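# Descriptive structure summary
Here is how the chains run, residue by residue.
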Amino acid sequence: MAVELNYQLVGKRLRAIRKKRGFTQEQLAEMAGISSQHCSGIETGAAKVSLPALIQLCNALDTTPDELLLDSVPAAAKPGLMREVETVFADATADELYLMLALAKSVKEAVRVKGLLANR
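Let me begin by describing the structure that accompanies this report. (Residues numbered from 1 in each chain as written. Predicted model: local features only at pLDDT ≥ 70, side-chain atom pairs only at ≥ 80, totals over all residues. Heavy atoms only, no water.)

Right, let's get into the overall build of the chain. Scanning the chain from N- to C-terminus turns up seven helices and zero strands. Helices and strands in the chain line up, N terminus first, as α-α-α-α-α-α-α. The buried share of the chain, reckoned over its 120 residues, is 25%. Taking the intrachain contacts of the chain between residues at least 6 apart in sequence as the baseline, contacts between residues at least 24 apart amount to 54%. Approximately 8700 Å² of the chain is accessible, and the part contributed by carbon and sulfur atoms is 58%. (Helix = DSSP H or I, 4+ residues; strand = E, 2+ residues; numbered from the N terminus. Buried < 20%, exposed > 50% of the residue type's maximum accessible area, 1.4 Å probe, protein only. Contact = heavy atoms within 4.5 Å. Areas by Shrake-Rupley, 256 points an atom, 1.4 Å probe, with all protein chains shown as cover.)

Right, dumping it as structure tokens:
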């Protein structure tokens, strides 16, 4: 079974973690030992990240590859995604929780009715 990595999603996750840690692209690139241009390309999905560069980036950001590749490994994705859901919902008010849950249920139903993401 061929694995298709969504480099744009990997890049978006990388950018989010970098910003959360308070680093610029230049700082991250220097810490990871890659060029600023390559770091930018990885974050935008324009450049494919090699395994050594991925490990260097993870080490620089004190994160793990599974956090960056979450969407690329379906079996491993659910626990990480559930942690994200929990984080998003954690500080919500009761009214916000009700609305977000109602929206999530509607989206889930629409996805299933339309057959979107079938066999994922």
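Count 3.6 residues to each turn of an α-helix, and residues three or four apart come out pointing the same way. Within the span of helix H2 (residues 25-32), buried status applies to Gln25, Leu28, Ala29 and Ala32. Projection of H2 onto a plane perpendicular to its axis shows the buried side chains occupying an angular sector of 100°, all on one side. Those residues of H2 hidden inside the fold are in contact with helix H1 (7-21), helix H3 (36-44) and helix H4 (51-61). Downstream of H2 by a residue or two, glycine 33 has a phi angle that is positive, lying close to 75°. (Arc of directions from axis to C-beta.)

What follows is about the side chain of threonine 63. Following the sequence through the fold, threonine 63 ends up in the loop between H4 and helix H5 (65-68). Only 2.4 Å separates the side chain of threonine 63 from the side chain of glutamate 67, close enough to count as a polar contact. (Polar contact = N/O pair within 3.5 Å; in protein donor to acceptor, adjacent residues only side chain to side chain.)

For the structure shown, the criterion picks out three salt bridges. Here glutamate 84 ties to arginine 13 by a salt bridge, and the two come within 2.6 Å at their closest N and O atoms. Within this pair, whereas glutamate 84 is found in helix H6 (residues 74-90), its partner arginine 13 is found in helix H1, the two being separated by 71 residues in sequence. On the basis of relative accessible area, arginine 13 is assigned to the buried category, the value being 15%. Where glutamate 43 meets arginine 18, a salt bridge forms, and the shortest distance between an N and an O atom there is 2.5 Å. Here arginine 18 lies in helix H1 and glutamate 43 lies in helix H3, a separation of 25 residues in the sequence. Here glutamate 43 matches arginine 18 in class, with each residue buried. Sharing partners across several salt bridges, the network here consists of Arg15, Arg18 and Glu43. (Salt bridge = Lys/Arg side-chain N within 4 Å of Asp/Glu carboxyl O.)

Another point: unusual backbone geometry. Generally, phi is negative for residues other than glycine and the peptide bonds are trans, each holding for most cases. In this structure, aspartate 62 takes a positive phi of about 55° despite not being glycine. Mapping aspartate 62 onto the fold places it in the loop between H4 and H5. For aspartate 62, a relative accessible area of 66% corresponds to the exposed category.

Coordinates in, geometry out; function isn't part of it.
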